[in-house]
Amino acid sequence: MLSFSTDESFQQNYKFLIGSLVPRPIALVSTKNEDGSNNLAPFSFFTAISARPMIIAFCPLIRTSTGLKKDTVINIERTKEFVINFVSEEIIQKVNLTSTEVPYGEDEFKLSGLTPLESEIVSANRVQESKIHFECRLRDILNYGDEPGAGRLISGEVVKVHINNKIYSEGKINTNQYKPIGRGAGNDWIKCTDIIQLERLMTAQIQK
């Protein structure tokens, strides 16, 4: 087995992370720019934290190209709210376009061809083509450094959930109808096409 020090370089560490943690779900995060225009960007360092209260978190890295915070972070620090839009197979080409680095204030909805949909509680718009939306209010921002490649953990409390009725049945989300997509290493995207089920050895299963 090969062994590596994590002190070598950002590039090496990053490749180890994105090649090891797979598949990673994608948080397509929508926020409002200072002038009221839309911002939309994908993040695959993304997970759930708590069910009650319902809290999720994602981790934007400081841009390696400029050493600056990403527009999403700037907007969340100011507005204290955002929307997590989930990604399925049907929209991956458009979602990929939202990762393009553009000047602050340029609308990634227009760039990608995705459709803004007004939220019910927060000011940020949802993505109409996404099958699941979480409207979120900021809980915490933890900083892990100021150098390019350093991460911030942004947690948000989900205050409203929206689910496409075609993927929701008997109180559960149907994965086959949802067709979620994940990220892998490099340019890899991963489909959830082969699903297996294993009974968990617990007295009660919330998953049932």
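In this text, all values refer to a predicted model and were calculated from it rather than measured experimentally. Within each chain, residue numbers correspond to sequence positions counted from 1 in written order. Residues qualify for local features only when their pLDDT is at least 70, as the model is predicted, and side-chain atom pairs are given and counted only at 80 or more; totals for whole chains, interfaces and linings, by contrast, use all residues. For the side-chain quantities, the full set of heavy atoms in the structure was used; hydrogens and water were omitted.

K.L.:
Any chance you could explain the overall build of the chain here in plain terms?
P.N.:
Along its length, the chain carries 5 helices and 14 strands. For 208 residues, the compact-globule formula gives about 17 Å, and the C-alpha radius of gyration of the chain, at 18 Å, lands near that figure. Projected onto its principal axes, the C-alpha coordinates of the chain cover approximately 50 × 50 × 30 Å. Each residue is assigned to one of three classes by its accessible area relative to the maximum for its type, calculated with a 1.4 Å probe on protein chains only: buried under 20%, partly exposed between the two thresholds, exposed over 50%. Taken over 208 residues, the chain has a buried fraction of 38%. Counting from the N terminus, the helices are the DSSP runs of H or I reaching at least four residues and the strands are the DSSP runs of E reaching at least two. We take the radius of gyration over the C-alpha atoms and set the globule estimate at 2.2 Å times the residue count to the 0.38 power.

K.L.:
Please explain the sheet that holds strand 1 (residues 24-25) as it appears in this structure.
P.N.:
Each strand in a sheet pairs with another by means of backbone hydrogen bonds, the pair being arranged parallel or else antiparallel. In short, DSSP must find at least two bridges between two strands for them to pair. Spatially, 1-13-14 is the arrangement adopted by the 3 strands of the open sheet, whose pairing is antiparallel. The two strands at the open ends of the sheet, each matched to only one other strand, are strand 1 and strand 14 (189-191). Bridge count for strand 13 (residues 181-183) against strand 14 is 3 bridges, and the pairing is antiparallel. Residue Gly182 lies in a different strand from strand 14, and its bridge partner there is Ile190.

K.L.:
What exactly am I supposed to notice about a nonpolar patch on the surface here?
P.N.:
Patch definition: residues with relative accessible area over 30% and no salt bridge; like charges joined within 9 Å; nonpolar side chains (Val, Leu, Ile, Met, Phe, Trp, Tyr) joined within 5 Å. Accessible surface area values rest on a Shrake-Rupley calculation with a 1.4 Å probe, where residue burial reflects the displayed protein chains alone. We count a salt bridge whenever a side-chain nitrogen from Lys or Arg sits within 4 Å of a carboxyl oxygen from Asp or Glu. On the surface, Val161, Ile163, Tyr168 and Ile173 cluster together into a nonpolar patch covering about 300 Å² of accessible area. On the accessibility criterion, Ile163 (32% relative accessible area) is partly exposed.

K.L.:
Would you explain the sheet that holds strand 9 (residues 132-143) in this entry?
P.N.:
Taking strand neighbours across the sheet as the criterion, the 7 strands line up as 3-2-6-9-10-5-4 in an open arrangement whose pairing is antiparallel. Edge positions in the sheet fall to strand 3 (38-43) and strand 4 (46-51), since each of these pairs with one other strand and no more. Strand-to-strand twist in this sheet, taken as the mean axis angle between neighbours without regard to direction, amounts to 35°. Of the strands in this sheet, strand 2 (27-32), strand 3, strand 5 (54-58), strand 6 (81-86), strand 9 and strand 10 (152-163) are in contact with helix 2 (residues 71-79), which crosses strand 2 at around 55°. Axis lines are fitted to C-alpha atoms, over the contacting stretch for helices. Their N-to-C directions set the angle, which ranges from 0 to 180 degrees. Residues are treated as being in contact if the distance between any of their heavy atoms lies within 4.5 Å.

K.L.:
Hey, could you run me through the environment of Asn13 in this one?
P.N.:
Its place among the elements puts Asn13 in helix 1 (residues 10-20). A relative accessible area of 23% means that Asn13 is categorised as partly exposed. There is a polar contact of 2.9 Å between the side chain of Asn13 and the backbone oxygen of Thr6. In the analysis that follows, any N or O atom pair within 3.5 Å is treated as a polar contact, provided that within protein one partner can donate a hydrogen and the other can accept it, and provided that, for residues neighboring in sequence, both atoms belong to side chains.

K.L.:
It is not clear to me how the pairing of strand 2 should be interpreted in this structure. Could you clarify?
P.N.:
The side chains of a regular strand alternate, residue by residue, between the two faces of the sheet. Burial analysis of strand 2 places 6 of its 6 residues in the buried class, the great majority of the element. Neither face of strand 2 is open: one carries Ala27, Val29 and Thr31, the other Leu28, Ser30 and Lys32, and all of them are buried. Bridging between strand 2 and strand 3 involves 6 bridges; their strand directions are antiparallel. Within the sheet, the bridge partner assigned to Thr31 lies in strand 3 and is Asn39. Taking the residues that link successive antiparallel strands as the turn, the strand 2-strand 3 hairpin has 5 residues, and the phi of Gly36 there is positive, at about 90°. In this structure, strand 2 lies alongside strand 6, joined through 4 bridges in antiparallel fashion. Residue Ser30 lies in a different strand from strand 6, and its bridge partner there is Val83.

K.L.:
I tried to follow helix 2 on my own but got confused; where do I start?
P.N.:
Three- or four-residue spacings in an α-helix give side chains the same orientation, since the helix completes a turn every 3.6 residues. When helix 2 is considered as a whole, its buried residues turn out to be Asp71, Thr72, Val73, Asn75 and Ile76. As for helix 2, its buried residues are in contact with strand 2, strand 3, strand 5, strand 6, strand 9 and strand 10. Phi turns positive one or two residues past the end of helix 2, at Lys80, with a value near 65°.

K.L.:
Hey, could you run me through the nonpolar core in this one?
P.N.:
Across soluble globular proteins, nonpolar side chains have a tendency to be buried as a group. Residues enter a nonpolar core if they are buried and are Ala, Val, Leu, Ile, Met, Phe, Trp, Tyr or Cys, with the set joined through side-chain atoms within 4.5 Å. Ile56, Phe58, Phe82, Ile84 and Phe134 are the most contacted members of the largest nonpolar core, which has 20 residues in total. Residue assignment for this core shows that the elements contributing at least two residues are strand 2, strand 3, strand 5, helix 2, strand 6, strand 9 and strand 10. It is strand 9 that contributes the most residues to this core, 4 residues altogether. By size, the runner-up hydrophobic cluster in this structure holds 11 residues, among which are Leu28, Leu40, Val95 and Leu114.

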